[in-house]
Amino acid sequence: MSIFKNIPSIQFEGKGSDNPLAFKQYDPKQVVLGKTMEEHLRFAVAYWHTFNAIGNDPFGSGTMVREWDKFSGMDRAKVQVEANFEFMEKLGIPYYCFHDVDIAPEGATLQESNKNLDVIVAMLKEQMQATGKKLLWNTSNMFSNPRFVHGAGTAVNADVYAYAGAQLKKALEVGKELGAENYVFWGGREGYETLLNTDMGFELDNLARLYHMAVAYAKEIGFDAQFLIEPKPKEPTKHQYDFDAATAISFLQKYGLKDHFKLNLEANHATLAGHTFEHEIRTAAINGMLGSLDANQGDLLLGWDTDEFPTDLYSTTLTMYEVLKAGGIGRGGVNFDAKVRRGSFEADDLFLAHIAGMDSFAWGLKAAAKLIEEGILDKVVENRYRSFKEGIGADVVAGKATLASLEQYALQNHPIVNESGRQERLRLLLSEVIFSV
Ligand code: XUL
Ligand code: CO
């Protein structure tokens, strides 16, 4: 059964092409800095936005026109499995990601939910074997169901905490069954609305306890996925505990979890935290914590998580620059945690949006590779810190300096001469590189 009947398989046609259903930049087999684009980028489809989002907002109901709308319950879930693999195949996307509730409807009881999951997981496994498509990561949705109103791993009610543990256990088993390369923990409602009724320290201790249980259970069943925390500063709660990369790293360090986790960083979460995406990636990278990316972008005029497809070339270039400088994305990938706008309700918009994201990332990869090959920013940075290569600066780096030796130097060294950072020149250079590739 074909679900996207009118959509051909998407090919690379290059810059001259005016075919909207073709890649102009993303040429999967093109080698960039020793690896193919496909190997660098490891694109993934987000099941929830692509197959479950209906285009509703607080002011209106769904707008999306989808083949699977003719079905409901498990029948609908089965058609969505077919849709997922046809979609990945046609776009040449190797990976996908899902929450448990995205792939199979929740039942009235935990037993029923698990039974539904088993049926769909078996179908997914069969399709994966037939197509060679892989699971970049799975996760458990412990935030949508009303039982999680006050959190899951930070719940105030031990019965809810226990349910979350059971749901997580099943999700780890699903990940193992499907050979997931990563497992993501996004703290959906792990945060608070007001400190007036919240024991923050206790909630964080409990969250760490749940993560320790997850590490132990994964080990027990031989699930060797890389565990990832996905930081976000707010939404749905006013204050999310995994606020940003730095906060998540300090949490993992405090609770002895740092060796078991890395980070899944998301562009729109970074901007909500008041950071650029490249800041978050750099923060993770310098701490050895870069795991995977949720690729999207926000809207500067809107203060919430709009999850738009990434098309800002400055951002994709600087993102890929950070990734390349960090030595690549490893077992992670570039997951399009992005949804088409409410007005983009036709089925081909799903393809056009992914093409836009993939071409924008391929473009960014090429520009980043040029920045690196020509050492454009490396030269600037190296030159800026050159005073630490010799004399008193070299003493500081070697750990030989003391406050007394710094004083002795400073007393006889005047005047101090500083140099410009040349930021505006660098912004223009960046533009020149982006539009030259
Ligand atoms: C929410 C978000 C999630 C996670 C997975 O903002 O990004 O979809 O990626 O739970
Ligand atoms: Co995300």
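What this report covers is the structure whose coordinates are included nearby. (Residues numbered from 1 in each chain as written. Chains lettered and ligands numbered in written order. Predicted model: local features only at pLDDT ≥ 70, side-chain atom pairs only at ≥ 80, totals over all residues. Heavy atoms only, no water.)

Let's shift gears to a nonpolar patch on the surface. A contiguous nonpolar patch, built from Val-381, Tyr-385, Phe-388, Val-396, Val-397, Leu-403 and Leu-406 and spanning about 690 Å² of accessible area, is present on the exposed surface. When residues of the nonpolar patch are traced back to their parent elements, those giving at least two are helix H14 (391–397) and helix H15 (403–412). Structurally, Val-396 can be placed in helix H14. Judged by relative accessible area, which is 39%, Val-396 ranks as partly exposed. (Patch = residues over 30% accessible without salt bridge, like charges linked within 9 Å, V, L, I, M, F, W, Y side chains within 5 Å. Areas by Shrake-Rupley, 256 points an atom, 1.4 Å probe, with all protein chains shown as cover. Salt bridge = Lys/Arg side-chain N within 4 Å of Asp/Glu carboxyl O. Helix = DSSP H or I, 4+ residues; strand = E, 2+ residues; numbered from the N terminus. Buried < 20%, exposed > 50% of the residue type's maximum accessible area, 1.4 Å probe, protein only.)

This brings us to the coordination of the cobalt ion (ligand 2). Working reference: metal with six octahedral donors, ideal angles 90 or 180 degrees; metal with four tetrahedral donors, ideal angle 109.5 degrees. The coordination sphere of the cobalt ion (ligand 2) contains the protein donors Glu-230 (OE), Glu-266 (OE), Asp-294 (OD) and Asp-337 (OD), at a distance range of 1.9 to 2.2 Å. Coordination at the cobalt ion (ligand 2) comes from six donor atoms whose angles at the metal span 81 to 173°, giving a geometry best classed as octahedral. If you list the donors of the cobalt ion (ligand 2) from N- to C-terminus, the spacing comes out as E-x35-E-x27-D-x42-D. Pair noted here: Glu-230 is in strand E10 (residues 226–230) and Asp-294 is in strand E13 (residues 290–294), with a separation of 64 residues, a long-range link. A relative accessible area of 4% places Glu-230 in the buried class. Using a relative accessible area of 0% as the deciding quantity, one classes Asp-294 as buried. (Donors = N, O, S within 2.8 Å, 3.2 Å for Na, K, Ca; no water. Tetrahedral: all angles 85-135°; square planar, octahedral: opposite > 155°, others 65-115°.)

Quick look at the pairing of strand E7 (residues 134–139) now. Taken across its six residues, E7 has five buried, putting it largely inside the fold. Sheet topology places strand E6 (residues 95–99) next to E7; five bridges connect them, and they run parallel. Paired with Cys-97 across the bridge in E7 is Trp-137. Two elements, E7 and strand E8 (residues 182–186), share two bridges in a ladder whose sense is parallel. Within E8, the position partnered with Asn-138 by the bridge is Tyr-183. Note on the crossover from E7 through helix H6 (residues 158–178) to E8: the handedness is right-handed. (Pairing = 2+ DSSP bridges. Right-handed = clockwise from strand over helix to strand, strands pointing away.)

The calculated volume of the largest pocket comes to roughly 1200 Å³. Lining the largest pocket are 42 residues, with Trp-48, His-49, Asp-305, Asp-307 and Lys-339 sitting closest to its centre. Looking at the lining of the largest pocket, the elements that each hand over two or more residues are helix H2 (47–52), helix H4 (100–103), E7 and E8. At three residues, the largest contribution of residues to the lining of the largest pocket is made by H2. As a volume, the second largest pocket reaches approximately 900 Å³. Surrounding the second largest pocket, 28 residues form its lining, Arg-384, Arg-386, Ser-387, Val-417 and Asn-418 being those nearest its centre. Of all the secondary structure elements, the ones that give two or more residues to the lining of the second largest pocket are helix H13 (376–384), H14, H15 and helix H16 (423–434). Along the lines of polarity and charge, the residues of the lining of the second largest pocket split into 13 nonpolar, eight polar and seven charged. (1 Å grid on protein atoms, 1.4 Å probe; cavity = no way out; pocket = protein on both sides within 12 Å on 5 of 7 lines; lining within 4 Å. Points joined across faces, edges and corners; volume = space filled by probe spheres on them. Nonpolar A, V, L, I, M, F, W, Y, C, P; charged D, E, K, R; others polar.)

Another aspect to go through is the environment of Asp-224. The topology assignment puts Asp-224 in the loop between helix H7 (200–221) and E10. Of the residues examined, Asp-224 reaches a relative accessible area of 57% and is grouped as exposed. As a C-alpha pair, Asp-224 and Ser-292 span 68 residues in sequence and 16 Å in three-dimensional space.

Across a sheet, strands are paired by hydrogen bonds formed along the backbone, either parallel or antiparallel in direction. Read around the closed barrel, the eight strands follow the order E5-E6-E7-E8-E10-E12-E13-E14; overall the barrel is parallel. Averaged over all pairs of adjacent strands, the angle between strand axes in this sheet comes to 30°, irrespective of strand direction. (Axes fitted to C-alpha atoms, helices over the stretch in contact; angles between N-to-C directions.)

Take H16 next. Between its first and last C-alpha atoms H16 spans 17 Å; for 12 residues at 1.5 Å apiece the expected length is 16 Å, and the two agree. Buried within H16 we find Leu-430, Ser-431, Val-433 and Ile-434. Relative to the axis of H16, the buried residues are bounded by an arc of 165° and lie together on one face. Residues of H16 that are buried make contact with helix H11 (313–325), helix H12 (347–373) and H13. (Expected span 1.5 Å × (residues − 1). Arc of directions from axis to C-beta. Contact = heavy atoms within 4.5 Å.)

Functional significance is not addressed by these values, which are geometric in nature.
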